[in-house]
Every structure is written in structure tokens, then in C-alpha cells.
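So you can see what is in the structure, the chains are spelled out below.
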Amino acid sequence: MEQLNAWFTELLSDNAIFTANTLGYYLDGLGSTVRLVFLSLIIGLVLAVPLAIARGSRRKWIKWPVFLYTYVFRGTPLLIQLYLIYYGVVFIEGIQDTFLWAILKDAFYPALIAFTLNTAAYTTEIFHGAIKATPRGEIEAARAYGMSRALMMRRIIMPSAFRRALPAYGNEVIFMLHASAIASVVTIMDLTGAARFVYARFYAPFDAFLFVAAIYLCLTFAILYLFRYLEKKLLAHLKPLNG
């Protein structure tokens, strides 16, 4: 390990920009980006499943509020949503006197709320479309077995919908990764924030931003590989038989 550190230090000794210190900023930014994207996707996914079921309800008082929520968050820029939550929360009367202020005064949590609400809206529509696309034969077969609506949803409709939604959801994950670049505008030191810091310190825009672009590219390819693997495993039954 010491030899590796010595080799790495020697490699960076002649580089004025990418020193161990500046690479540390990129590493911290990578951690912030991964944490923000991962948490928002997980929470958004948990919220999207019941919202997608409600979105397909026959009762208007259930489905229309969900439709309105997805319409607003899908129809407005994520940056505006982030600004409204980050800057608008301080104008809520009495918020600074509650326990919530200890959480919301940290820029990470308003950003997490904005990202979660945004991805939950998109994921809700993805799952809603996948649920609607359930073959009628599967539903009729479940009814023939005497399954209740809840049991049918749990054993037949949702597992089938998850598989169909996988390609579109993979695109949503990549979109959220790329959209996380705006988190730096609310003082979060993410990957883009680290690049802006390096640029401001060394006045080297190409070096700073091309390096962070390469990191985003590597993360994107890793996500693509993961979802292609999942699609290969979960959608193998849809491949045509040879011969």
C-alpha cells in the first residue's frame, strides 16, 4: 500500500492541477453525488409504487391528486423546484423554531427533497404505464384462480410491471445522475462543485470540467451495464427461441 501511495504521489508531482489535494475534492464530490442520487432514487422508488397504483385507480378523488402531482413535477424544471425548496423553506413562518430547521438548514436535505419528489413523479408515470400494459390474459388467469385484487396486484401485476418498466427506469436513473450536477448551485460540494472549485483556483476550465465529465461518463456506463445485466436476467423469457 505504501509503494502504491509513493507511486501515485510521484505520478502527480509534476502536475500543478491534479494534485492529491484537488483529487481529494473530486473524491468528496463523488461521495456527495452518489449519496444524493442513491438516496433520492431509493426514497422516490418507495413513494412511486403506491402512487402508481393510486394513479390507476377508478376513483377520481384518488387518481387526480396523483396526476396533478406528477404533471407539476414533470412539467417544471428540476432547478426551479430545487430553488423553491431550498430558498423558499426559510419563508415558512416558524420553521426556524422547530426541530426541522436543524435538518433543512443543511443544503443537502432540501436538495434531497427536491430530487426525491422529482424522480418519484417520473417513476410513478413509468410504473403506471407498465401496470396498464399488463396483458389481459394474465389478469383473467388470476381472476380464474380466484385471486383478490390485492393478491393479483402483489403476485401478478406488479412483478410483471417491474420487468417491463426496467428499461425506462434505467433511463430515469441516468437522468437523475446527470441532473445531480445542479446540486452545486445550492452550495453542495458535489462533482460539479468540485470542478468549479478547481477551475476557480487554477483557471483551467478544460482540465477541471473534462475530468469531471469523464467521471460522469464512467458512472453512466456502470449504470448502463447494471441495467443491461438486469434486463438480460429478468427479461430472458421475452427473447425469441433460435431455430
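None of the values given here were measured: they were computed from a predicted structure.

### Thoughts on the overall build of the protein chain
Step number 1: What the protein chain contains, in helices and strands, is 10 helices and zero strands.
Step number 2: Helices and strands in the protein chain line up, N terminus first, as α-α-α-α-α-α-α-α-α-α.
Step number 3: Its C-alpha atoms give the protein chain a radius of gyration of 23 Å, clearly above 18 Å, the size a compact globule of 243 residues would have.
Step number 4: Oriented by its inertia axes, the alpha-carbon framework of the protein chain measures out at about 75 × 65 × 30 Å.
Step number 5: By residue count, 38% of the 243 residues in the protein chain fall in the buried class.
Step number 6: Sequence-distant contacts, at least 24 apart, represent 75% of the contacts inside the protein chain between residues at least 6 apart.
Step number 7: Working note: accessible area of the protein chain is about 15,100 Å², and carbon and sulfur atoms make up 66% of it.
Step number 8: Mean positive and mean negative side-chain charge positions of the protein chain (22 and 14 charges, respectively) differ by 21 Å.

### Examining the packing of aromatic side chains
Step number 1: Tallied over the full model, the rule gives 13 aromatic pairs.
Step number 2: With a centroid separation of 4.3 Å and an interplanar angle of 40°, the aromatic rings of Tyr 25 and Phe 197 are classed as tilted. With Tyr 25 in helix 2 (residues 20-55) and Phe 197 in helix 9 (residues 191-202), the pair connects residues that are 172 residues apart, well separated along the chain.
Step number 3: Pairing Tyr 83 with Tyr 87 gives two aromatic rings, centres 5.6 Å apart and planes at 40°, and the pair type is tilted. In this pair, Tyr 83 and Tyr 87 are both assigned in helix 4 (residues 78-88), four residues apart and thus about one turn of the helix distant.
Step number 4: Among the aromatic residues, those joined into a ring-pair cluster are Phe 127, Phe 162, Tyr 169 and Phe 227.

### Quick look at the UniProt feature "domain: ABC transmembrane type-1" (unreviewed entry) in the protein chain
Step number 1: The UniProt feature table records "domain: ABC transmembrane type-1" (unreviewed entry) at residues 30-227.
Step number 2: Helix makes up 79% of residues 30-227 and strand 0%. Its end C-alpha atoms lie 21 Å apart.

### Some details on the UniProt feature "transmembrane region" (unreviewed entry) in the protein chain
Step number 1: Summarizing the sequence annotation, UniProt attributes the feature "transmembrane region" (unreviewed entry) to residues 36-54, 66-87, 107-127, 168-188 and 208-227 in the numbering used throughout.
Step number 2: Taken as a whole, residues 107-127 contains 95% helix and 0% strand, while its terminal C-alpha atoms sit 30 Å from one another.
Step number 3: Here residues 208-227 is 100% helix and 0% strand, with 29 Å between the C-alpha atoms at its ends.

### Some words on helix 10 (residues 205-234)
Step number 1: Over its 30 residues, helix 10 runs 43 Å from end to end, which matches the ideal 44 Å to within 8%, given 1.5 Å per residue.
Step number 2: Ala 208, Val 212, Ile 215, Tyr 216, Thr 220, Ile 223 and Phe 227 are the residues of helix 10 that are buried.
Step number 3: Those residues of helix 10 hidden inside the fold are in contact with helix 2, helix 8 (149-179) and helix 9.

### Points about the packing of helix 4 against helix 6 (residues 108-132)
Each pair of packed helices can be described by the angle between their axes along with the distance between the axes.
Step number 1: At a closest axis distance of 9 Å, the pairing of helix 4 and helix 6 adopts a crossing angle of 140°. In this view, helix 4 runs oblique relative to helix 6, as classed from their interaxial angle. Helix 6 is crossed by helix 4, and the crossing has right-handed handedness. Counting all contacts with helix 4, which are made through Leu 78, Gln 81, Leu 82, Ile 85 and Tyr 86, the residues of helix 6 involved are Pro 110, Ala 111, Ile 113, Ala 114, Phe 115, Leu 117 and Asn 118.
Step number 2: In terms of residue class, the contact of helix 4 with helix 6 is made up of 10 nonpolar, two polar and no charged.

### As for the side chain of Gln 81
Step number 1: By the element assignment, Gln 81 lies in helix 4.
Step number 2: Beyond its immediate stretch of four places on either side in the chain, Gln 81 contacts Val 72, Phe 73, Thr 76, Ala 114 and Asn 118.

The rules behind each value
- Residues numbered from 1 in each chain as written.
- Predicted model: local features only at pLDDT ≥ 70, side-chain atom pairs only at ≥ 80, totals over all residues.
- Heavy atoms only, no water.
- Helix = DSSP H or I, 4+ residues; strand = E, 2+ residues; numbered from the N terminus.
- Rg over C-alpha atoms; globule rule 2.2 N^0.38 Å.
- Buried < 20%, exposed > 50% of the residue type's maximum accessible area, 1.4 Å probe, protein only.
- Contact = heavy atoms within 4.5 Å.
- Areas by Shrake-Rupley, 256 points an atom, 1.4 Å probe, with all protein chains shown as cover.
- Lys, Arg positive; Asp, Glu negative; His and termini not counted.
- Charge placed at Lys NZ, Arg CZ, Asp CG, Glu CD.
- Phe/Tyr/Trp six-rings, centres within 6.5 Å; stacked < 30°, edge-to-face > 60°.
- UniProt positions renumbered as here; feature names shortened; annotations may be inferred.
- Expected span 1.5 Å × (residues − 1).
- Axes fitted to C-alpha atoms, helices over the stretch in contact; angles between N-to-C directions.
- Parallel < 35°, antiparallel > 145°, perpendicular 65-115°, else oblique.
- Left-handed = near helix turned anticlockwise from the far one by under 90°.
- Nonpolar A, V, L, I, M, F, W, Y, C, P; charged D, E, K, R; others polar.

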